[in-house]
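Structural description and commentary
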Amino acid sequence: MIGTVPKRIKEIRFGLISPKEYRKMSVTRVITADTYDDDGFPIEMGLMDPKMGVIDPGLRCKTCGGRAGECPGHFGHVELIAPVVHVGFAKLIRKILRATCKDCSALLLDSTQKKEYLEQIRMLRTIGQPIEDITNEVFKEARKPKTCQYCSAQQLDIKVEKPSTYVEKDGTHEHKLMPSDIRARFEKITDDDIEVMGMDPSVARPEWTIMTVLPVPPVTMRPSITLESGQRSEDDLTHKLVDIIRINQRFQENREAGAPQLIIEDLWELLQYHVTTFIDNAVSGVPPARHRSGRPLKTLSQRLKGKEGRFRGSLSGKRVNFSARTVISPDPNLSISEVGVPLTMAMELSIPVNVTKRNIEEVREYIKRGPDNHPGANYVIRDDNRRLKVTDKNCEELAETLEIGWKVDRQLKNGDVILFNRQPSLHRMSIMAHEVKVLPHKTFRLNPAVCPPYNADFDGDEMNMHVLQTEEARAEAKMLIHVQENILSPRFGGPIIGGIHDHISGMYMLTKGENRLDKNDFLEMLRKSRISQIIEPEGTQDGKPYWTGKQVFSQILPDGLNMTYKALLCENCATCKKEDCNRDAYVTIRDGQLLSGTIDEKAVGAFKGLILDRIVKDYTPPVALQFIDDMTRLAIRSIMHFGFSFGINDEDIPEEASAQISELLEDAEARVMDLIIAFNEGNLEPLPGRTVAETLELRIMQELGKARDSTGDIAGNYLGLDNAAVIMAVSGARGSMLNLTQMAGCVGQQAVRGERIRRGYAGRTLSNFNHGDLGAGAHGFVKSSYKKGLSPTEYFFHAIGGREGLVDTAVRTSQSGYLQRRLVNALQDLEVQYDGTVRDTRGMVVQFKYGEDGVDPMKSDYSKPQTIRRIIEDVTGKEVE
Amino acid sequence: MKNMKDFSLLNNDLVPQHILMPENEVNKVLKEHYLDKEQLPKIKITDPVTLEIGAEVGDVVKIIRKSPTAGEAVIFRLVIE
Ligand SMILES: [Mg+2]
Ligand SMILES: [Zn+2]
Ligand SMILES: [Zn+2]
Ligand SMILES: [Zn+2]
């Protein structure tokens, strides 16, 4: 291999290509529209001239000597008999025609004006600013004069027909400008005038927008396909070039024969049509050129434009082999590092295996099984690089002839490392390495605990899988992006993989208080965990031994773990009663035994799980992975043991509670009325920095907010800590006390932009209220609960408030998405070097120490300096404030 | 204020410490990080602080500033036109 020196692009300059340059870069002139002769060889100076590159294997390029695949292809050219307009520049041509004199081609501006514009343009160019504003003004001003300032010629109106026909109007007389006329005019424009029009005369002369030479793209970019019948089928571009060359020839013959002007003009227009559609087959006003079958041809523009075009389809995004996509569904019995792959996929996807002395017998077994008997083999690649398909007919024979040095495409099987991905891939945990577990049915299966990093749920989400093809790739994936290496998020330095929903509820119910479990239940709980011995029971009840929920949980904790913290359900009492907390919120773990406290979201949840966090940081990734697997399985066992359900009647509260709530709300409304009266009488004391009206609004909102919260407290008290919704809210599994308040107590104030609802009719929100009514009900306070149901006016206000919520989540996500994209684009090439500096691709220093402190955020304690404190606590065994 | 010369930018709390580095110290830093001078972050000669400390184009300024993560961070900048 030849080493190449990397080159740096200093600048990119765009311009037009002159006919001279077209001829210079051409390797041959194309004069005949024929492609291949009767023997199937490309014709010289034809459209498939081997000087323009080769596509047939075996032939060599006559320009560079390369074989098919090596030769990049070379341009040819066609000499057009008459010039034609390049459609891409139709608008520019119109602008220039209107801005220049019809006789002397001068730009129709005074010389002082020109000088001024030129100065401005040059200034903007040096500071790298766009010059469009100036040039637009130039064209606008130069259109105005009726006579030329330089030769006094009368200027005529220029009308444009279709995309590229220009007609000069002299009173009632119309004169069509042929491309040759236009070209002649443009040739006379001075370099200075061109620069005032915003173009650089050294690389873009206006007359080069009118083509006299047509470049013929290399054969390699318009290869012909040989059909099974042996017939050749040419590329769309070749078809179009054939048309152009045929018309060009006919044009020439007619002109030489002295054909009448009318015929010449017709042919000219036809040539223009073919060249136009060759460049862009979707110009408005031009009927698209069609294939014999009626399908519009795909010409140059169509290859570049749009989603499937070269830029968006081939350069920014490409399709890949060895990948699969389907719907995902949950399977809590899988490990978090596994992924369930449908059998049908596993039989289609393959991994290449080099046959060696050590594995030949194993590989032979795969081949013997054939392609329809998982895990089998799909292809065998012999040492002469011949690829043979394994069928159930030839598999026995192939297995016999298998030799060392061959390669075999083995089907995907259990334990293979693959990459798993969910779009939008916003952070690095959006792609992680999993191990395959081949399963029946048609969906990918994954443990719900890995949903948070992918941000996946199972309402129809689809995910992609990529099968790694080399040992290096597999080793790298396993060490760097395997699930167990990504339990911690570099975003906030805590676990991003962990318990969700039922895992939290299950752990909470198991460990809250003292759950007594008999031997059967104890063993049942730990059945799915890898626990090999029964520990001493906590005590005996009715002559039978019993174990506690805390003991069960302790079984899956690693030995030597010590922790002390307050659980999520801690009420932050003024003086903490610690181990004797009446909510059992003070968690103490000593040597892997849970002594007190309840396990909730703050212990094992994704994002917050402190125990998880401690285990990943103090032990090894496999230990953490094992813990998460055991924990999620135990939680599911537990929730199934205790039973957990939530229905509409779980929101029921007793009569007395409803009465209390109504009374509370009536009191609040009365207080609001008092405030309004005080306001109307001018007795309301304004808050500092507020008007009286603003003060009133604030005080009302405050009053009603307080009332709503109190209804929640009442409802919460009556529902009790055994209510499923309360369990979910306090354990952090799902929902909040606010959700409960709204369901059982009172929905509360609906707001638009943080204020009470005021829009609607003049002076009132709805026509059933009095003008100027400032009361709670007239401005969007919803007294009812969701359970009770909303009144029509409440429903209407709720819809207003709800709509605002929807609108600004939609706006926020698009805005933050775009912000993220811009940041990623700006920072993606920065790299932390081995010396700790952050540098870009040129080696320029961005930071002398990553983050200025050189700390890996993934390994920091939620980016807080906790380490020292913890070490002291571990060593002394005492709590440090 | 009697005299403009009594005024110093560097006395402002919000202006971090800027120190003009002697040649040998610069070389030490460059060697330590395997750097060319041009790979350093830049500071303009027209920057009020570089003017004040009398730096010239090609000099390296050592900046010691407060950092939310590290407490104090040291940055080196090459003075450019
Ligand atoms: Mg979804
Ligand atoms: Zn070639
Ligand atoms: Zn003129
Ligand atoms: Zn407590």
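Residues numbered from 1 in each chain as written. Chains lettered and ligands numbered in written order. Predicted model: local features only at pLDDT ≥ 70, side-chain atom pairs only at ≥ 80, totals over all residues. Heavy atoms only, no water.

**Some points on the overall build of chain A**
Stated precisely, the cut-off is as follows: To qualify as a helix, a DSSP run of H or I must reach at least 4 residues; to qualify as a strand, a run of E must reach at least 2; elements of each kind are numbered from the N terminus. Computation of the radius of gyration draws on C-alpha atoms alone. For the globule rule, the value is 2.2 Å times the number of residues to the power 0.38. For every residue, the accessible area (1.4 Å probe, protein chains only) is compared with the maximum for its type, and the residue is labelled buried under 20%, exposed over 50%, or partly exposed between those bounds. Contact criterion: two residues are considered in contact whenever any of their non-hydrogen atoms come within 4.5 Å of each other. Working definition of accessibility: Shrake-Rupley area with a 1.4 Å probe, residue cover restricted to the visible protein chains. His residues and chain termini do not enter the charge count, which takes Lys and Arg as positive and Asp and Glu as negative. To locate a charge, the coordinates of NZ of Lys, CZ of Arg, CG of Asp or CD of Glu are taken.
Regarding its fold elements, chain A presents 27 helices and 30 strands. In terms of overall size, chain A is more extended than a compact globule, its C-alpha atoms giving a radius of gyration of 39 Å where 881 residues would be expected to give roughly 29 Å. Put simply, chain A has 881 residues, and 45% of those count as buried. Within chain A, counting contacts between residues at least 6 apart in sequence, those at least 24 apart form 66% of the total. Taken as a whole, chain A presents about 48,300 Å² of accessible surface, with 51% of it coming from carbon and sulfur. Once the 117 positive and 124 negative side-chain charges of chain A are each reduced to a mean point, those two points are 5 Å apart.

**Focus on the interface of chain A and chain B**
Let me state the cut-off plainly: As used here, buried area is the combined drop in accessible area, with a 1.4 Å probe, of two parts when they are placed together. In the sections that follow, a salt bridge refers to a side-chain nitrogen of Lys or Arg positioned within 4 Å of a carboxyl oxygen of Asp or Glu. Counted as a polar contact is a pair of N or O atoms within 3.5 Å, where, for protein atoms, one must be capable of donating a hydrogen and the other of accepting one, and residues adjacent in sequence contribute only when both atoms are in side chains. As a working rule, the residues Ala, Val, Leu, Ile, Met, Phe, Trp, Tyr, Cys and Pro are called nonpolar, Asp, Glu, Lys and Arg charged, and the rest polar, with Gly in that last group.
Between chain A and chain B, the residue contacts involve 11 residues of the former and 17 residues of the latter. Summed over both partners, the interface of chain A with chain B comes to about 1,000 Å²; 53% of that surface belongs to carbon and sulfur atoms. For the interface between chain A and chain B, the tally reads one salt bridge. The interface formed by chain A and chain B includes eight residue pairs in polar contact (both at pLDDT 80 or more). A class-by-class count of the residues in the side of chain A that touches chain B yields three nonpolar, three polar and five charged.

**Some remarks on the coordination of the zinc ion (ligand 3)**
Angles at a metal have ideal values that depend on geometry: 109.5 degrees with four tetrahedral donors, 90 or 180 degrees with six octahedral donors. All names here are of chain A. Using the following cut-off: As a rule, N, O and S atoms within 2.8 Å of a metal are its donors, except that Na, K and Ca use 3.2 Å; water is not among the atoms, so sites may look incomplete. A four-donor site is classed as tetrahedral when every donor-metal-donor angle falls between 85 and 135 degrees; four donors are called square planar, and six octahedral, when trans pairs exceed 155 degrees and all remaining angles lie between 65 and 115, with any other arrangement labelled irregular.
Within the first shell, the zinc ion (ligand 3) binds the protein through Cys101 (SG), Cys104 (SG), Cys148 (SG) and Cys151 (SG), at distances of 2.2 to 2.3 Å. In this structure, the zinc ion (ligand 3) is coordinated by four donor atoms arranged in tetrahedral fashion, with angles at the metal of 105 to 115°. Going along the chain, you hit the donors of the zinc ion (ligand 3) in the pattern C-x2-C-x43-C-x2-C.

**Considerations on the coordination of the magnesium ion (ligand 1)**
All names here are of chain A. Distances from the magnesium ion (ligand 1) to its protein donors, Asp457 (OD), Asp459 (OD) and Asp461 (OD), fall at 2.1 to 2.2 Å. In the primary structure, the donors to the magnesium ion (ligand 1) are separated according to the pattern D-x1-D-x1-D. For Asp457, a relative accessible area of 37% translates into the label partly exposed.

**So, the pattern of salt bridges**
All names here are of chain A. According to the stated counting rule, one finds 46 salt bridges over all chains in the structure shown. Of the charged contacts, one joins Asp103 and Lys102 as a salt bridge, the two residues approaching to 4.0 Å between their closest N and O atoms. Note on Lys102: relative accessible area 24%, which makes it partly exposed. Glu361 serves as the salt-bridge partner of Arg364, at 2.8 Å between the closest nitrogen and oxygen. Of this pair, Arg364 and Glu361 are both found in helix 12 (residues 360–369), three residues apart, which corresponds to roughly one turn of the helix.

**A look at the nonpolar core**
For clarity, the cut-off: To define a nonpolar core, start from buried Ala, Val, Leu, Ile, Met, Phe, Trp, Tyr and Cys residues and group those joined through side-chain atoms within 4.5 Å.
Of all hydrophobic cores here, the largest spans 104 residues; its most connected members are A:Leu412, A:Phe420, A:Met465, A:Phe553, A:Ile611 and A:Phe627. Listed in part, the 34 residues of the second largest apolar core include A:Leu47, A:Leu214, A:Leu241 and A:Leu267.

**Here we look at the sheet that holds strand 19 (residues 539–541) of chain A**
The pairing of strands in a sheet happens through backbone hydrogen bonds and is either parallel or antiparallel. Residue and element names in this part refer to chain A. Our working definition: At least two bridges found by DSSP between two strands are what make those strands a pair. The axes are straight lines fitted to the C-alpha atoms, using for helices just the contacting stretch, and the angles between their N-to-C directions are given from 0 to 180°.
Strand order in the open sheet made by the three strands is 18-20-19, with antiparallel pairing throughout. Bordering the open sheet on either side are strand 18 (516–517) and strand 19, each of which pairs with just one other strand. Bridging between strand 18 and strand 20 (residues 544–548) involves two bridges; their strand directions are antiparallel. Across the sheet, the residue bridging to Arg516 is Thr548, located in strand 20. Here helix 18 (residues 549–556) sits on the sheet in contact with strand 18 and strand 20, set at roughly 60° to strand 20.

**Comments concerning the packing of aromatic side chains**
All names here are of chain A. To keep it simple, the criterion reads: Pairs were defined over the aromatic rings of Phe, Tyr and Trp, the Trp ring being its six-membered one, requiring ring centres within 6.5 Å. Orientation was assigned from the angle between planes: stacked under 30 degrees, edge-to-face over 60, tilted for the rest. Only lysine NZ and arginine CZ atoms are considered, and such an atom sits over a ring when it is within 6 Å of the ring centre and within 35 degrees of the ring normal.
Under the defined criterion, the tally for this structure stands at nine aromatic pairs over all chains. Taken together, a centroid distance of 5.8 Å and an interplanar angle of 40° make the contact between Phe492 and Phe607 tilted. Placement of the pair is Phe492 in the loop between helix 15 (471–481) and helix 16 (502–511) and Phe607 in the loop between helix 19 (601–604) and helix 20 (610–618), with a sequence separation of 115 residues. For Phe607, a relative accessible area of 36% gives the class partly exposed. Every member of this aromatic cluster is reached through a ring pair, and the members are Phe420, Phe444 and Tyr454. When the ring centre of Tyr379 is taken as reference, the NZ or CZ atom of Arg387 above it lies at 5.1 Å. Taking NZ or CZ as reference, Arg822 lies 4.6 Å from the ring centre of Tyr818, over its face.

**Here's the deal with the pairing of strand 17 (residues 462–467) of chain A**
Residue and element names in this part refer to chain A. Of the pairings in the sheet, the one linking strand 8 (residues 323–330) to strand 17 comprises five bridges and is antiparallel in character. The residue of strand 17 that forms the bridge with Arg325 is Asn464. As judged from the four bridges shared by strand 14 (residues 417–421) and strand 17, these two strands associate in the antiparallel manner. Paired with Asn421 across the two strands is Asn464, which belongs to strand 17.

**A closer look at the sheet that holds strand 28 (residues 831–832) of chain A**
All names here are of chain A. Strand order in the open sheet made by the three strands is 28-29-30, with antiparallel pairing throughout. Both outer strands of the open sheet, strand 28 and strand 30 (845–847), are each paired with one neighbouring strand and no more. Bridging between strand 29 (residues 838–839) and strand 30 involves two bridges; their strand directions are antiparallel. By the bridge assignment for strand 30, Val838 is matched with Gln847.

**Some words on helix 7 (residues 236–256) of chain A**
Residue and element names in this part refer to chain A. Quick reminder of the rule: One fewer than the residue count of a helix, multiplied by 1.5 Å, yields its expected span.
The terminal C-alpha atoms of helix 7 lie 31 Å apart, and with 21 residues this matches the ideal 30 Å at 1.5 Å per residue to within 8%. If you check which residues of helix 7 are buried, you get Asp236, Leu237, Thr238, Lys240, Leu241, Val242, Ile244, Ile245, Ile247, Asn248 and Phe251. In this structure, the buried side of helix 7 is in contact with strand 1 (76–85), strand 5 (210–216), helix 8 (261–279) and helix 9 (300–304). Among the residues of helix 7, the N-terminal cap falls to Asp235, whose side-chain oxygen and the backbone nitrogen of Leu237 are separated by 2.9 Å.

**Focus: the packing of helix 7 of chain A against helix 8 of chain A**
Residues and elements named next belong to chain A. Basically, it comes down to this: Our angle categories are set so that under 35 degrees counts as roughly parallel, over 145 as roughly antiparallel, 65 to 115 as roughly perpendicular, and the remainder as oblique. With the far helix as reference, a near helix turned anticlockwise by less than a right angle produces a left-handed crossing, and one turned clockwise produces a right-handed crossing.
It is at 9 Å that the axes of helix 7 and helix 8 come closest, and there the two elements cross at 160°. Classified by the angle their axes make, helix 7 and helix 8 are roughly antiparallel. Regarding helix 7 and helix 8, the two cross each other, and that crossing is left-handed. Two secondary-structure elements touch here, helix 7 through Leu237, Lys240, Leu241, Asp243, Ile244, Ile247, Asn248, Arg250, Phe251, Asn254 and Arg255 and helix 8 through Ile263, Ile264, Leu267, Trp268, Leu270, Leu271, Tyr273, His274, Val275, Thr277 and Phe278. When the residues that make up the contact of helix 7 with helix 8 are grouped by side-chain class, the tally is 14 nonpolar, four polar and four charged.

**Focus: a nonpolar patch on the surface**
All names here are of chain A. What counts is decided by this rule: Surface patches are drawn from residues lacking salt bridges whose relative accessible area is over 30%; two like charges belong together within 9 Å, two nonpolar side chains (Val, Leu, Ile, Met, Phe, Trp, Tyr) within 5 Å.
On the surface, a nonpolar cluster with roughly 410 Å² of combined accessible area is contributed by Leu819, Leu823, Leu827, Leu830 and Val846. For the nonpolar patch, the leading source of residues is helix 26 (residues 792–827), giving three residues. With respect to the element layout, Val846 can be found in strand 30.

**Focus on the side chain of A:Asn378**
Residues and elements named next belong to chain A. Tracing the backbone through its elements, the reader meets Asn378 in strand 11 (residues 377–381). By relative accessible area, which is 9% here, Asn378 ends up buried. For Asn378, the side chain forms a polar contact with the main-chain oxygen of Met347, separated by 3.1 Å.

**Considering the domain arrangement of chain A**
The line we're drawing: Segment limits for the domains were obtained from an automatic or database-derived domain assignment.
Partitioning chain A into domains gives domain 1 (87–210), domain 2 (323–493), domain 3 (502–642), domain 4 (648–807) and domain 5 (831–875). If you average the C-alpha positions of domain 1 of chain A and of domain 4 of chain A, the two centres end up 68 Å apart.

**What to know about the environment of A:Leu480**
Residues and elements named next belong to chain A. As for its position among the elements, Leu480 is in helix 15. For the pair formed by Leu480 and Lys393, sequence separation is 87 residues and the distance between their alpha carbons is 42 Å. Those residues in contact with Leu480 that lie beyond four places of it in its chain are Glu485 and Asn486.

**Description of unusual backbone geometry**
Residue and element names in this part refer to chain A. Along the chain, His374 connects to Pro375 via a cis peptide bond; the corresponding omega equals -10°. Assignment of secondary structure puts Pro375 in the loop between helix 12 and strand 11. Cis rather than trans, the peptide bond between Gln423 and Pro424 has omega equal to 0°. Along the polypeptide, Pro424 turns up in the loop between strand 14 and strand 15 (431–439). A positive phi angle, near 80°, is found at Phe607, a position not held by glycine. In this model, Glu852 sits at a positive phi of 70°, which is unusual for a non-glycine residue. Within the secondary structure, Glu852 is located in the loop between strand 30 and helix 27 (867–876).

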